[in-house]
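What follows is the residue order along each chain.
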Amino acid sequence: MLIEKYDLEVFTPPCEPGAERYAAKARLIADISEVLPYLNATLRGAIYHPGAQALTWKKGGHNIAFHAYEIATSNVEDRDGAEKELKGLIELVNRTWERRAEITPDTTTRQRPTPMAIYKLLPNTNCKGCGESTCYSFALKLAAAQKKLADCPPLTEPQYAEKLAALEEVVIEAPAIA
Ligand code: SF4
């Protein structure tokens, strides 16, 4: 096991007093730098920053960062959720480390698609079927991994098959941490 001991702290970020969003941080004793290219290879949407020995990832609107001696999550709705997510991230690191012989490490740095690039590939009918008032609002949420392609019903229609295929290439849907 790579991470055996850590100090966990859950707090409201000082830059957001009263915002009722929570952050959690685990300070590690072990250096997890070596696992970052394996996480980069397996976490869709992760962005690896080799110079800083860091990997950032978005999951359901939460901002997650892995550093050599620290794992952090922020923008979580409640205190328990922040703690639970952080514990899930620690398990994820340990599982990935144990499976590293099966994974080809990836040291490249990917670019996230911009909302405008996503928007151009949507049906652009503003039909509201996704629960958003416009396709651009949906594109913003898709870029932030707060929505999925499946939330736009028209995309399954035959006339949008090419757009859907192109979106599937660029949109990164972060998987749940299980
Ligand atoms: S369901 Fe799709 S086409 Fe309709 S508004 Fe949402 S993103 Fe646009």
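Conventions adopted
- Residues numbered from 1 in each chain as written.
- Predicted model: local features only at pLDDT ≥ 70, side-chain atom pairs only at ≥ 80, totals over all residues.
- Heavy atoms only, no water.
- Near = heavy atom within 4 Å.
- 1 Å grid on protein atoms, 1.4 Å probe; cavity = no way out; pocket = protein on both sides within 12 Å on 5 of 7 lines; lining within 4 Å.
- Sits in = over half its atoms within 2 Å of the grid points.
- Nonpolar A, V, L, I, M, F, W, Y, C, P; charged D, E, K, R; others polar.
- Core = buried A, V, L, I, M, F, W, Y, C linked by side-chain atoms within 4.5 Å.
- Buried < 20%, exposed > 50% of the residue type's maximum accessible area, 1.4 Å probe, protein only.
- Helix = DSSP H or I, 4+ residues; strand = E, 2+ residues; numbered from the N terminus.
- Contact = heavy atoms within 4.5 Å.
- Pairing = 2+ DSSP bridges.
- Axes fitted to C-alpha atoms, helices over the stretch in contact; angles between N-to-C directions.

Visitor: Got a minute to help me understand the site of the ligand in this structure?
Guide: For the ligand, the full set of nearby residues is Pro123, Thr125, Asn126, Cys127, Lys128, Gly129, Cys130, Cys135, Phe138, Cys152, Pro153 and Pro154. The pocket occupied by the ligand, as judged from atoms lying within 2 Å of grid points, is the largest cavity. Its residues assigned to classes, the shell around the ligand shows eight nonpolar, three polar and one charged.

Visitor: Teacher, can you tell me more about the nonpolar core here?
Guide: Note that soluble globular proteins tend to have their nonpolar side chains buried in a common cluster. Ile32, Leu39, Phe66, Ile71 and Val93 are the most contacted members of the largest nonpolar core, which has 27 residues in total. Counting residues per element, the ones that place at least two in this core are strand S2 (22-28), helix H1 (36-42), strand S4 (54-59), strand S5 (62-67), strand S6 (70-76) and helix H2 (79-98). Among the elements that line this core, the one with the most residues is H2, at seven residues. Each residue touching Phe66, except ones within four places of it in the same chain, is listed here: Ile32, Leu36, Leu39, Leu43, Gln53, Ala54, Leu55, Trp57, Ile71, Leu89, Leu92 and Val93. With 15 residues, the next largest nonpolar core counts Phe138, Ala143, Leu149 and Val171 among its residues.

Visitor: Explanation requested: the environment of Lys5 in the structure shown.
Guide: Topologically, Lys5 is positioned in the segment before strand S1 (6-11). A relative accessible area of 59% means that Lys5 is categorised as exposed. Separated by 22 residues in sequence, Lys5 and Arg27 place their C-alpha atoms 8.8 Å apart. The contacts of Lys5, once residues within four sequence positions are left out, are Arg27, Leu28 and Ile29.

Visitor: How do you make sense of the sheet that holds S1 when you look at a structure like this?
Guide: To summarise the sheet geometry, strands pair through backbone hydrogen bonds and adopt either a parallel or an antiparallel arrangement. Across the sheet, which stays open at both edges, the six strands sit in the order S1-S2-S6-S5-S4-S3 with antiparallel pairing between neighbours. Taken across any chain shown, the strands that pair with only one partner, and hence form the sheet edges, are S1 and strand S3 (47-49). Looking at each pair of strands side by side, their axes are set apart by 15 degrees on average, direction ignored. Sheet topology note: the S5/S6 ladder contains five bridges and is antiparallel. Considered in S6, the bridge of His67 is made with Glu70.

Visitor: Just checking my understanding: could you explain the environment of Gly45 for this structure?
Guide: Looking at the secondary structure, you find Gly45 in the loop between H1 and S3. On the accessibility criterion, Gly45 (6% relative accessible area) is buried. When the C-alpha positions of Gly45 and Val171 are compared, they lie 8.4 Å apart, and in sequence the two are 126 residues distant.

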